[in-house]
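# Topology and contacts: notes
Here's the letter readout for the chains.
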Amino acid sequence: MSTPVLELRGVGKRFGQVVAVTGVDLTLDKGEFISFLGPSGSGKTTTLTMVAGLQKPTEGSILLNGQDVVPLPPYRRNIGVVFQHYALFPHMTVAANIAFPLQMRKVPRAEAGQRVEAALKLVGLPGFADRLPSQLSGGQQQRVALARALVYEPPLLLMDEPLGALDKNLRAQMQIEIARLHRDLGITVLYVTHDQEEALVMSDRIAVFNHGRIEQIGRPQALYERPATRFVAGFLGDSTFLAGRVQTLADEKAVVQTAHGVLRGHAATGLRVGGAAIVAVRPERVALLGADDAPRDNTVQGRVSDVIYLGQSRKYVVRLEDGAELLGLQPVGAAGVALSEGAEVRVGWTATDCNVLPAG
Amino acid sequence: MAVVFALPVGALLMRSASDPVWGLQNFRSLWEEPVYASLIRNTVQISLATTIGCILLAYPFAHVMATQPRLTRLLTLVVLIPFWSSILVRSFAWMVLLQNNGIINESLLWLGVIGQPLELIFNRTGVLIGMVHVLLPFVVFPLYGSIRAMDPALMPAAACLGAGPVRAFLRVQLPLTLPGLATGAVLVFVMALGFFITPALLGGRRDAVIARMIQLQVSQLGDWGMAATLSLVLLVATLLLLGASQLLVRSPARRVAE
Ligand SMILES: Nc1ncnc2c1ncn2[C@@H]1O[C@H](COP(=O)(O)OP(=O)(O)OP(=O)(O)O)[C@@H](O)[C@H]1O
Ligand SMILES: [Mg+2]
């Protein structure tokens, strides 16, 4: 196996009493696209700036291509960084901005000119060389920032919420474009976002941050379908949580006694028989059962308290007997039970479609 | 306001060509008598040196003020203190500090850094220390403003792109703060041209400046014509400088805006 492009070992950062990041382990292989996803203040930016060299970790080590870079200042790391607000130099033209890192690397003028042109073409802005950043739209500025970070072909590209300042349509467009650049250039990317959809669409792997640590890391689908903790299940997509106590545990299957009867699901790690547990179920996995339908692995009863029309689907809330609420999602136009507020319903889902997680 | 100000100034300047008799004799002596040439040279030298001294001190000062929010208030206070004391008090305070048996020389002697007291006062050094002290805020505040106006991500971005601290400063921060720096420098230079109490109190015999001579000619020699001629020289120089700086300061800003 080749050396990973980036490796973090037990990285932590403390500001006085505040622990911003703690115990972060991570490896990034060549060509991989990893997103940091997490709520505000969870330590994503701090981790990224430590990789860039703008802040020093208070513990742990950071290896770039196998070499410890903690003692190196940012200008000796040769990493590409794209900032949320672009950070283009306002007094330089687009071409001068993109040529800047090449000048710092003493690339001959003629070669630099060609590479600037190629970089502009790459991000779809040929002919913009002589404009000033103030004469560009937000999306165009972000492309220039991207070109400036790519032009010197860094082994690693860091992006901190690069699309955060753009409107929704432009974001979607830029997501596709960044994904294309990643694929075509084979660059290794570390991407910070707090938009879960963005993370799901673009990433090879997602690291979910919470309270300064990585709560779970994995492929988008694995993370979505098999969250390891209640936090991940709730942060990535919607989930309903039903509390209970583990009755039996076997072969990654758990049986949980809850106020709504016995529920079955895929067992996460960290459970023990007799211990408190949470059953997490995704709304789109919940099915409305008609009078003749056979019960599923998990079946509960309640009264529909809300129906929300979402265009492609309807979201509904079933109020269970003890007051707990269960979310369901019904595709619009689907055959089956009609939804109406106040109706008594039975809903069910299969055991493999739900996760039993440790409580707390 | 314009009338109240312009009339007496106009009347004074008139005297350069009418006192003691009508004619250009005042301008001729300005040109021919070497004392005036040396006055003008002194004034320009002192003003330039003061401006450079202010820039060199003000830049790091304003930089810390703008980038360390916790120190901003304290440093503002420090730089404003000279404004709250009279120019006389300030100059006498410097005398106490700078003279041969003043605090600075005594401490340095005691520490063994020097063997002989340094000549810190009643010469050019004293004049510059006093003037830089008074005029520092006029560079610090415009500069503080333009450093604050910079996107704080620019310098980290430059570092990530491979620029060491010196190159990042020269290529990014300096050009972007040049308007503030130029504003402050011109202000200091122009004000320094008109200073006379500080050079008189802290300088030596060879530090005579135009403004001091104007005052002497009016109050002691009664030569209103020559005083008016020198005033005219100062006024024209000041206006030319301010005009030029307007062009200079505005052009980069305009380039960015277009
Ligand atoms: N310079 C600093 N001094 C003190 N505390 C800091 C500093 N920088 C960050 N922190 C703290 O560290 C924690 C992590 O901050 P960080 O900026 O990494 O979060 P984030 O995940 O990027 O959040 P967001 O999504 O809002 O950008 C926060 O609690 C923050 O207040
Ligand atoms: Mg952040």
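Residues numbered from 1 in each chain as written. Chains lettered and ligands numbered in written order. Predicted model: local features only at pLDDT ≥ 70, side-chain atom pairs only at ≥ 80, totals over all residues. Heavy atoms only, no water.

### Some remarks on the interface of chain B and chain A
The condition that has to hold: Any two residues having at least one pair of non-hydrogen atoms within 4.5 Å are treated as being in contact. Buried area: the accessible area, evaluated with a 1.4 Å probe, that two parts lose upon being put together, summed over both parts. Definition of a polar contact: a pair of N or O atoms within 3.5 Å, with one able to donate and the other able to accept a hydrogen when the atoms are protein atoms, and with sequence-neighbouring residues admitted only if both atoms are side-chain atoms. Nonpolar residues are Ala, Val, Leu, Ile, Met, Phe, Trp, Tyr, Cys and Pro. Charged residues are Asp, Glu, Lys and Arg, and all others, Gly as well, are polar.
Taken residue by residue, the interface counts 21 residues in chain B and 25 residues in chain A. A combined buried area of about 2000 Å² lies between chain B and chain A, and 68% of that area is made up of carbon and sulfur atoms. Here chain B and chain A share five residue pairs in polar contact (both at pLDDT 80 or more) between them. Among the residues making up the side of chain B that touches chain A, the classes are represented as 14 nonpolar, two polar and five charged.

### Some words on the site of ligand 1
Residues and elements named next belong to chain A. Stated precisely, the cut-off is as follows: Distances are taken per atom, and a residue is near a molecule or strand as soon as one of its heavy atoms is within 4 Å of it. Note that accessible areas follow from Shrake-Rupley with a 1.4 Å probe, and for residues the cover is restricted to the protein chains shown. Strands here are runs of E lasting at least two residues and helices are runs of H or I lasting at least four, both read from the DSSP assignment and numbered beginning at the N terminus.
Taken together, Phe15, Ala20, Pro39, Ser40, Gly41, Ser42, Gly43, Lys44, Thr45, Thr46, Glu161 and His194 are the residues near ligand 1. Between ligand 1 and the protein, one listed contact pairs an oxygen atom with a side-chain N or O atom of lysine 44 at 2.8 Å. Relative to its unbound accessible area of 630 Å², ligand 1 is 61% covered by the protein chains. By residue number, the principal contributor to the shell around ligand 1 is helix H1 (residues 44-52), which donates three residues. Counted by class, the shell around ligand 1 contains three nonpolar, seven polar and two charged residues.

### Here's the deal with the sheet that holds strand E14 (residues 276-281) of chain A
All names here are of chain A. So the rule is basically this: For two strands to be treated as a pair, DSSP must find no fewer than two bridges joining them. Axis definition: a line fit to C-alpha positions, over the contact stretch in the case of helices; interaxial angles, taken between N-to-C directions, run 0 to 180 degrees.
Spatial ordering of the closed barrel is given by E11-E12-E13-E20-E14, a layout of five strands whose pairing is mixed. Looking at each pair of strands side by side, their axes are set apart by 55 degrees on average, direction ignored. Relative to strand E20 (residues 354-358), E14 is paired through five bridges, and the arrangement is antiparallel. Directly across from alanine 280, in E20, lies its bridge partner asparagine 355.

### So, the sheet that holds strand E16 (residues 298-309) of chain A
All names here are of chain A. What the five strands build is an open sheet, ordered E15-E19-E16-E17-E18; its pairing is antiparallel. The strands lining the two open edges of the sheet, one partner per strand, are strand E15 (287-289) and strand E18 (325-331). When the angles between neighbouring strand axes are averaged without regard to direction, this sheet yields 50 degrees.

### Observations regarding the UniProt feature "domain: ABC transporter" (unreviewed entry) in chain A
Stated formally: UniProt positions are given in the numbering used here, feature names are shortened, and annotations may be inferred rather than shown by experiment.
UniProt records the feature "domain: ABC transporter" (unreviewed entry) at residues 6-236 of chain A, using the numbering of this structure. Here residues 6-236 of chain A runs as 36% helix and 26% strand, with 25 Å between its end C-alpha atoms.

### Some points on the confidence of the model for chain B
The predicted coordinates ought not to be read in detail in places where the model reports low pLDDT. Residues and elements named next belong to chain B. For clarity, the cut-off: Per-residue confidence from the predictor is given as pLDDT, running between 0 and 100.
For chain B, per-residue confidence averages 88 on the pLDDT scale, and 96% of positions sit at 70 or higher. Within chain B, the lowest mean pLDDT, 78, falls on helix H12 (residues 224-257), and the highest, 97, falls on helix H8 (residues 154-160). Across the whole predicted complex the pTM is 0.86, and at the interface the ipTM reaches 0.86.

### Quick notes on a nonpolar patch on the surface
All names here are of chain B. How we decide: Candidates for patches are residues over 30% relative accessible area with no salt bridge; among them, like charges are joined within 9 Å and nonpolar side chains (Val, Leu, Ile, Met, Phe, Trp, Tyr) within 5 Å. Only one rule defines a salt bridge in this text: a Lys or Arg side-chain nitrogen within 4 Å of an Asp or Glu carboxyl oxygen. With a 1.4 Å probe rolled over the protein chains alone, any residue whose accessible area is under 20% of its type maximum counts as buried; one over 50% counts as exposed, and the rest are partly exposed.
A contiguous nonpolar patch, built from Val64, Leu71, Leu74 and Val78 and spanning about 300 Å² of accessible area, is present on the exposed surface. With three residues, helix H4 (residues 69-84) is the single largest residue contributor to the nonpolar patch. Here leucine 71 shows up in helix H4. With a relative accessible area of 35%, leucine 71 lands in the partly exposed category.

### Observations concerning helix H7 (residues 124-149) of chain B
Residues and elements named next belong to chain B. Applicable threshold: How far a helix is expected to stretch is found by multiplying one less than its residue total by 1.5 Å. The quantity called bend is, for any residue, the angle between two axes fitted respectively to the seven residues ending at it and the seven beginning at it.
The first and last C-alpha atoms of H7 sit 36 Å apart over 26 residues, in line with the 38 Å expected at 1.5 Å per residue. At leucine 135, H7 shows its maximal bend, which comes to roughly 45 degrees, and the proline proline 137 appears one to four places after that position. Structurally, the start of H7 carries an N-cap: the backbone nitrogen of threonine 125 is 3.1 Å from a side-chain oxygen of asparagine 123.

### With respect to the side chain of threonine 240 of chain A
Residues and elements named next belong to chain A. Within the secondary structure, threonine 240 is located in strand E11 (residues 240-250). Of the polar contacts made by the side chain of threonine 240, one reaches the backbone nitrogen of leucine 327; its length is 2.9 Å. Not counting residues within four places of it along the chain, the set of residues in contact with threonine 240 comprises Val279, Ala280, Val281, Glu325, Leu326 and Leu327.

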